[in-house]
Amino acid sequence: MINEKVPILHIDHLQKRFGKFQALKNISFDIYPGEVFGFIGPNGAGKSTTIRTILGILRASGGQATIFGKDVFKNAVEIHKKIAYVPGDVYLWPNLTGGEIIDLLLKLSHDQHSVKTYQLIKEFQLDTTKKARTYSKGNRQKVALIAAFSSDADLYIFDEPTSGLDPLNEEIFQKEVLKLKAAGKAVLLSSHILSEVEKMCDRIGIIRDGKIVETGSLEQMRHLTRTLIKVQTRLPVPELSTLPGVHNLTVEKGNFLNLSVDSEQMETIMNYLVQKQIVSLQATPPTLEDLFMRYYDSTNGVSHDGK
Ligand SMILES: Nc1ncnc2c1ncn2[C@@H]1O[C@H](COP(=O)(O)OP(=O)(O)OP(=O)(O)O)[C@@H](O)[C@H]1O
Ligand SMILES: [Mg+2]
């Protein structure tokens, strides 16, 4: 029986060096049962290196990573019986058919071709009779996804799994991940498709230069940022531009205002606007994309990791 309070995956100050280059400087996060954890960050930030370390493919240079309470490197064989993994660039045996490879992958993870496998093949509309060397990128991806979704694991690790999938298949992927979540499984999803992460993930870890710069739910992260407000007031708002927490204010004829507001100053600013008699109001919380851009756009100098 899985204990919901105990993390399935526990990463504590993980470090990884390649010679002189330190790819992972400080990675810490946990994933609990029934949770989808989104792992996002720019190219070269260290997502795949983190994943390859927790899979026991790479040996950490410092810190600790455990799955089911066991060291990921020392107990890799045992741990692998209960994890499923899909990389972004799936390599398949070119002379085997998709169907043969699915069965082989299942066998390697001590699982069997089941009704679930059959349903997934149908859903993803994969022609399993073709040799893998004839498959497109998306089809190779499907082979690995079908094997992963039909294996009985407790932790599912996806490293940019939908990079080659069309929107229809991406939707099937998302549906299957939500089923895993409902079944109490833990999922680590590394992705550049922010709408996917936004839709599916309970918590998100943002990685940059080998360090986790932020972890939390999207709601928690939104507190760090600004909400876009479009508002019309009956009375003029001469003091608004001087209030703390107001940014990018534009005022058009008829008192149509556009501004972005720091979350912590929201109350003061709304109180001020109410006094000016609100005619209409529209508030848009920042999307994950806005957050991502704020963390990564080094040209605007915004940095949230205190550096
Ligand atoms: N085997 C290796 N030897 C040397 N350097 C490596 C090795 N593997 C990865 N790196 C370096 O470590 C850093 C992190 O790479 P990683 O593949 O983890 O990034 P990523 O976050 O997965 O990026 P992407 O979004 O492009 O997949 C990069 O600078 C990369 O060049
Ligand atoms: Mg990667």
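The rules behind these values
Residues numbered from 1 in each chain as written. Chains lettered and ligands numbered in written order. Predicted model: local features only at pLDDT ≥ 70, side-chain atom pairs only at ≥ 80, totals over all residues. Heavy atoms only, no water. Domains from an automatic or database assignment. Near = heavy atom within 4 Å. Polar contact = N/O pair within 3.5 Å; in protein donor to acceptor, adjacent residues only side chain to side chain. Areas by Shrake-Rupley, 256 points an atom, 1.4 Å probe, with all protein chains shown as cover. Helix = DSSP H or I, 4+ residues; strand = E, 2+ residues; numbered from the N terminus. Nonpolar A, V, L, I, M, F, W, Y, C, P; charged D, E, K, R; others polar. Phe/Tyr/Trp six-rings, centres within 6.5 Å; stacked < 30°, edge-to-face > 60°. Buried < 20%, exposed > 50% of the residue type's maximum accessible area, 1.4 Å probe, protein only.

For the chain, an unreviewed UniProt entry supplies the name ABC superfamily ATP binding cassette transporter, ABC protein and the organism Companilactobacillus crustorum.

Participant: How do you make sense of the domain arrangement of the chain when you look at a structure like this?
Facilitator: In many analyses, interface size is given as the accessible surface area lost on bringing the parts together. Partitioning the chain into domains gives domain 1 (9-220) and domain 2 (226-285). One C-alpha centre belongs to domain 1, the other to domain 2; they are set 43 Å apart.

Participant: Please explain the site of ligand 1 as it appears in this structure.
Facilitator: Near ligand 1, the surroundings consist of 13 residues, among which Gly44, Gly46, Lys47, Ser48 and Thr49 are the closest. Gly46 is positioned such that a nitrogen or oxygen atom in its backbone is 2.9 Å from an oxygen atom of ligand 1. The separation between an oxygen atom of ligand 1 and a polar side-chain atom of Glu160 is 3.3 Å. Compared with its free state, where it exposes 640 Å², ligand 1 has 63% of that area covered by protein. Per-element tally for the shell around ligand 1: the top contributor is helix H1 (residues 47-54), with three residues. Along the lines of polarity and charge, the residues of the shell around ligand 1 split into five nonpolar, six polar and two charged.

Participant: Sorry if this is basic, but what is going on with the packing of aromatic side chains here?
Facilitator: In this description, an aromatic ring pair is defined by two values, namely the gap between the centres and the angle between the planes. This structure, assessed with the given rule, holds five aromatic pairs. Ring plane angle 5° and centroid distance 4.5 Å describe the contact between Phe29 and Phe37, whose orientation is recorded as stacked. Ring geometry for Phe29 and Phe39: centres 5.2 Å apart, planes at 50°, overall tilted. Linking Phe29 in strand S2 (residues 21-31) with Phe39 in strand S3 (residues 36-40), this pair joins segments that are 10 residues apart in sequence. A single burial state applies to Phe29 and to Phe39, both of which are buried.

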